Amino acid sequence: MNSRIRLASVAVLLLLSTHSASSAQQADSIAIASPVLQAEPTAIASPVKLADTTSVARTGAVPGRGSVGGQVGVSSFLAEKDYSQGALPRMSFSGHFRYVINKGLRWQVSPYFTWSAYKVDAPLPFTDINFPADRTKDHFLTQIVGASSQLQFTGGKGAWRHHIGAGPAIYRVVVQNRRKVVKDPVTFRLHQGTYLGATAEFGIERFLKGLANTSLEWTAAYQGAFAKRDEQFPSGFNGSVHAFELRFGAHYYYDFKKKPKKPEGIKKP
């Protein structure tokens, strides 16, 4: 009886020991199998300094800029002799290309055209070979076409500016009767030729509020062609032609070449 009790006790102890070892081994297996999750550090993007794309605005008539424009006006021949006697005012046209040298100085090149008609009762200085019955300059025209270059002094502030300038010019002067070039009755030379001349002008310019590169301009100008040729035109229409005029027009100012914007380097943190 006692031996059976002892055997039963030993069996219970062995069973309990086996169960404890099995539980411990299972716990260790779970602990090893379970992955440990660790948060990886998040990379912080380094700040990038963007390039400054802003630039200083260049508007109006500032140094280094150019302009194109044109004007329409009325001219009158006030001298000399047959060119101006009985002359009637007619329209004139002038184109402009300008370059601003500095704050008070600029350069201008201008193509130009004007003409003059004559009063019905203005007498002819000679008999026209082509139309000998004509006694007056009723159908006569004097045309001037050419180009000039000026150096202009500028001033003024804000939207208002003014200038005064002068320079050399070259003109072609043609005298016509009934749309045919007149001949001198002595030399039989046609009354046409290319001559040196001079030009001068004074102008006031107003830049528009909403269009800072556009201006309106009022100009008083002089055009003179030194057309005196005694050996060619002894009978008449021999002398310098002097035209005075008032014009109005517009100009647009622009940069010749825009400088590329240089982006700043990326700074490392």
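Criteria and cut-off values
- Residues numbered from 1 in each chain as written.
- Predicted model: local features only at pLDDT ≥ 70, side-chain atom pairs only at ≥ 80, totals over all residues.
- Heavy atoms only, no water.
- Pairing = 2+ DSSP bridges.
- Helix = DSSP H or I, 4+ residues; strand = E, 2+ residues; numbered from the N terminus.
- Salt bridge = Lys/Arg side-chain N within 4 Å of Asp/Glu carboxyl O.
- Buried < 20%, exposed > 50% of the residue type's maximum accessible area, 1.4 Å probe, protein only.
- Phe/Tyr/Trp six-rings, centres within 6.5 Å; stacked < 30°, edge-to-face > 60°.
- Lys NZ or Arg CZ within 6 Å of the ring centre and 35° of its normal.
- pLDDT = per-residue confidence, 0-100.
- Contact = heavy atoms within 4.5 Å.
- Lys, Arg positive; Asp, Glu negative; His and termini not counted.
- Polar contact = N/O pair within 3.5 Å; in protein donor to acceptor, adjacent residues only side chain to side chain.
- Patch = residues over 30% accessible without salt bridge, like charges linked within 9 Å, V, L, I, M, F, W, Y side chains within 5 Å.
- Areas by Shrake-Rupley, 256 points an atom, 1.4 Å probe, with all protein chains shown as cover.

Draft legend 1. Examining the pairing of strand 4 (residues 105-118) more closely. Two strands pair when backbone bridges link them, and strand 2 (residues 87-88) and strand 4 are joined in this way by two bridges, in the antiparallel orientation. Paired with Leu88 across the bridge in strand 4 is Ala117. In this structure, strand 3 (residues 90-102) lies alongside strand 4, joined through eight bridges in antiparallel fashion. Among the inter-strand pairings, Ser94 is bridged to a residue of strand 4, identified as Tyr112. Linkage of strand 3 to strand 4, two consecutive antiparallel strands, is achieved through a turn of two residues. Looking at chain direction, strand 4 and strand 5 (residues 140-155) are connected through 13 bridges and run antiparallel. Bridged to Phe113 within strand 5 is Val145.

Draft legend 2. Focus on the pattern of salt bridges. Within this structure, the stated rule accounts for nine salt bridges. A salt bridge links Arg247 to Glu201; the nearest nitrogen and oxygen atoms lie 3.2 Å apart. Placement of the pair is Arg247 in strand 10 (residues 241-255) and Glu201 in strand 8 (residues 192-207), with a sequence separation of 46 residues. Classification of Arg247 as buried rests on a relative accessible area of 4%. Salt bridges here are not isolated pairs; linked through shared partners, they connect Arg98, Arg106, Glu201, Glu205, Glu217, Glu245 and Arg247.

Draft legend 3. Summary view of the packing of aromatic side chains. Enumeration according to the criterion identifies ten aromatic pairs in this entry. On the numbers, 5.2 Å between centres and 45 degrees between planes, the contact of Trp218 with Phe248 is tilted. In this pair, Trp218 is assigned in strand 9 (residues 214-225) and Phe248 in strand 10, connecting sequence segments 30 residues apart. Taken together, a centroid distance of 5.2 Å and an interplanar angle of 45 degrees make the contact between Tyr222 and Phe244 tilted. Of the two residues, Tyr222 is situated in strand 9 and Phe244 in strand 10; the sequence distance between them amounts to 22 residues. Here Phe244 falls in the partly exposed class, since its relative accessible area comes to 38%. Among the aromatic residues, ring-to-ring pairing joins Tyr83, Tyr118, Phe126, Phe140 and Phe237 into one connected group. For the cation-ring pair, Arg178 lies above Phe131, with the distance from its terminal atom to the ring centre recorded as 5.6 Å.

Draft legend 4. Highlighting the confidence of the model for the chain. Overall, the prediction assigns the chain a mean pLDDT of 83, with 74% of residues at 70 or greater. Taken together, the stretch residues 29-37 has pLDDT below 50 and engages in zero contacts with residues farther than four places along the chain or on a different chain. Low pLDDT, under 50, characterises residues 48-56; the stretch is placed with eight contacts to residues that sit more than four places away or in other chains.

Draft legend 5. Seen up close, the environment of Gly95. The topology assignment puts Gly95 in strand 3. On the basis of relative accessible area, Gly95 is assigned to the buried category, the value being 19%. Residue contacts for Gly95: discarding those within four places in its chain leaves Gly69, Gly70, Val109, Ser110 and Pro111.

Draft legend 6. How the structure looks around the pairing of strand 9. Strand direction decides the pairing type here: strand 8 and strand 9, joined by eleven bridges, are antiparallel. Note that in strand 9 the partner of Glu201 across the bridge is Ala221. Between strand 8 and strand 9, which pair antiparallel and follow one another directly, the connecting turn spans six residues. Where strand 9 meets strand 10, twelve bridges bridge the pair, whose relative direction is antiparallel. If you follow Ala225 over to strand 10, its bridge partner there is Val241.

Draft legend 7. The arrangement of the side chain of Asp184 in detail. Residue placement: Asp184 occurs in the loop between strand 7 (180-181) and strand 8. We note that Asp184 is buried and unpaired, the nearest opposite charge coming from Arg189 at a distance of 9.3 Å. Engagement of the side chain of Asp184 in a polar contact is seen with the backbone nitrogen of Thr187, the distance being 3.3 Å.

Draft legend 8. Just a nonpolar patch on the surface, in detail. Where nonpolar side chains cluster on the molecular surface, the patch consists of Phe153, Trp160, Ile164, Phe202, Ile204, Trp218 and Phe248 and spans about 730 Å² of accessible area. Looking at the element boundaries, Ile164 is found in strand 6 (residues 160-177).

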